[in-house]
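Overview (structure and organization)
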Amino acid sequence: MTFVRAEEDAQTRAVRERVLVRALEEFGEHGLQAARVERIARLARVSTATLYRLYPGKEELFAAALRHGLHTQAAWQTPAADDPLVELVLAARAYADALETSPVRKLARILFGELRPRSPALMALGREMRSILEGKFARPLARCAQAGLLDLTAPHAVEALLLGMIEHQCLLHGLLM
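1. So, the overall build of the protein
- Assigned secondary structure in the protein consists of eight helices and zero strands.
- Reading the helices (α) and strands (β) of the protein from amino to carboxyl end gives α-α-α-α-α-α-α-α.
- By residue count, 40% of the 177 residues in the protein fall in the buried class.
- Put simply, of all contacts in the protein between residues at least 6 apart along the chain, 68% involve residues at least 24 apart.
- Split by element, the accessible area of the protein, about 10200 Å² in all, is 58% carbon and sulfur.

In structure tokens, the structure reads:
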């Protein structure tokens, strides 16, 4: 009986993977409003009922697809450098490079640019994205603070600096245009 349950779990994981990959493509191409759950199901080779059993609504599917892409993309590394400020700039550049090659880019733009998160699933996803970024930038920010280059007790100043660097890198890569 345990063996059958493990097999079902593996099958369910495989179905979820197919659905999420196709959802990333569909939402990236058509946006949240124009994306069709039926088309995602067909491309993932599952019934619409199965898809709705896995994800009760389109926003939940969108959030799951973006989360899946984020965790796949989160493998980018923050490069080390002798100079802490250079390391921080390199981290921003690595982040922009990771976004440039990721299907997550389009979905993140939809989430933050078009949607204004309204559902609990989308709001939680926004917090998760922020947490991933904070984790990636923790070391370079701490090194800059230790070198006296940043005052981490002024979080708005640090956030503005970091967001400005990321925006600059994204503009250089044409991501915001």
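Structure shown, so let's carry the discussion forward.
2. Quick notes on the nonpolar core
- If you look at the biggest cluster of nonpolar residues, it comprises 29 residues, and the most contacted ones within it are Val19, Phe27, Leu51 and Leu61.
- Those elements that provide at least two residues to this core are α1 (2-34), α2 (37-44), α3 (48-54), α4 (58-73), α6 (104-115) and α7 (120-146).
- The residues touching phenylalanine 27, leaving out its near neighbours within four places in the chain, are Leu32, Ala35, Ile40, Lys58, Leu61, Phe62, Ala65, Leu107 and Ile110.
- If you look at the next biggest cluster of nonpolar residues, it comprises eight residues, including Ala91, Ala92, Leu141 and Cys144.

3. What to know about the side chain of glutamate 26
- Along the chain, the position of glutamate 26 falls in helix α1.
- Taking the relative accessible area as the measure of exposure, glutamate 26 reaches 4% and is therefore buried.
- Leave out the neighbours within four places in its chain, and glutamate 26 touches Gly31, Ala34, Ala35, Arg36, Arg39 and Ile40.

4. Remarks on α2
- Buried within α2 are the following residues: Val37, Ile40, Ala41 and Ala44. Down the axis of α2, the buried set is contained in an arc of 100°. They therefore lie on one face.
- With its phi angle positive at about 60°, arginine 45 sits one or two positions after the end of α2.

5. Remarks on unusual backbone geometry
- A positive phi angle, close to 60°, is found at arginine 45, a residue other than glycine.
- For arginine 45, the position within the fold is in the loop between α2 and α3.

6. Quick word on the pattern of salt bridges
- Considering all chains together, one arrives at five salt bridges under this definition.
- With a shortest N-O distance of 3.0 Å, arginine 22 and glutamate 25 are connected by a salt bridge. With a gap of three residues between them, arginine 22 and glutamate 25 both fall in helix α1, about one helical turn apart.
- Glutamate 25 gets classed as partly exposed once you look at its relative accessible area, which sits at 40%.
- Three or more residues joined by partner-sharing salt bridges are found here, namely Glu87, Arg139 and Arg143.

7. Quick notes on the packing of aromatic side chains
- Applying the stated rule across the entire model yields one aromatic pair.
- Aromatic side chains phenylalanine 27 and phenylalanine 62 sit 5.2 Å apart centroid to centroid with 80° between the ring planes, which places their arrangement in the edge-to-face category. Separated by 35 residues along the polypeptide, phenylalanine 27 in helix α1 and phenylalanine 62 in helix α4 bring together distant segments of the chain. Here phenylalanine 27 matches phenylalanine 62 in class, with each residue buried.
- Here the guanidinium or amino end of arginine 16 rests over the ring plane of tyrosine 55, the centre of that ring lying 5.4 Å away.

8. Observations concerning the side chain of glutamate 87
- Here glutamate 87 shows up in helix α5 (residues 84-100).
- Classification of glutamate 87 by relative accessible area gives buried; the value is 0%.
- Among the polar contacts made by the side chain of glutamate 87, one reaches the side chain of arginine 139 at a distance of 2.8 Å.
- Sequence-distant contacts of glutamate 87, defined by excluding residues within four places in its chain, comprise Pro79, Ala80, Ala81, Arg139, Pro140 and Arg143.

What counts and how
- Residues numbered from 1 in each chain as written.
- Predicted model: local features only at pLDDT ≥ 70, side-chain atom pairs only at ≥ 80, totals over all residues.
- Heavy atoms only, no water.
- Helix = DSSP H or I, 4+ residues; strand = E, 2+ residues; numbered from the N terminus.
- Buried < 20%, exposed > 50% of the residue type's maximum accessible area, 1.4 Å probe, protein only.
- Contact = heavy atoms within 4.5 Å.
- Areas by Shrake-Rupley, 256 points an atom, 1.4 Å probe, with all protein chains shown as cover.
- Core = buried A, V, L, I, M, F, W, Y, C linked by side-chain atoms within 4.5 Å.
- Arc of directions from axis to C-beta.
- Salt bridge = Lys/Arg side-chain N within 4 Å of Asp/Glu carboxyl O.
- Phe/Tyr/Trp six-rings, centres within 6.5 Å; stacked < 30°, edge-to-face > 60°.
- Lys NZ or Arg CZ within 6 Å of the ring centre and 35° of its normal.
- Polar contact = N/O pair within 3.5 Å; in protein donor to acceptor, adjacent residues only side chain to side chain.

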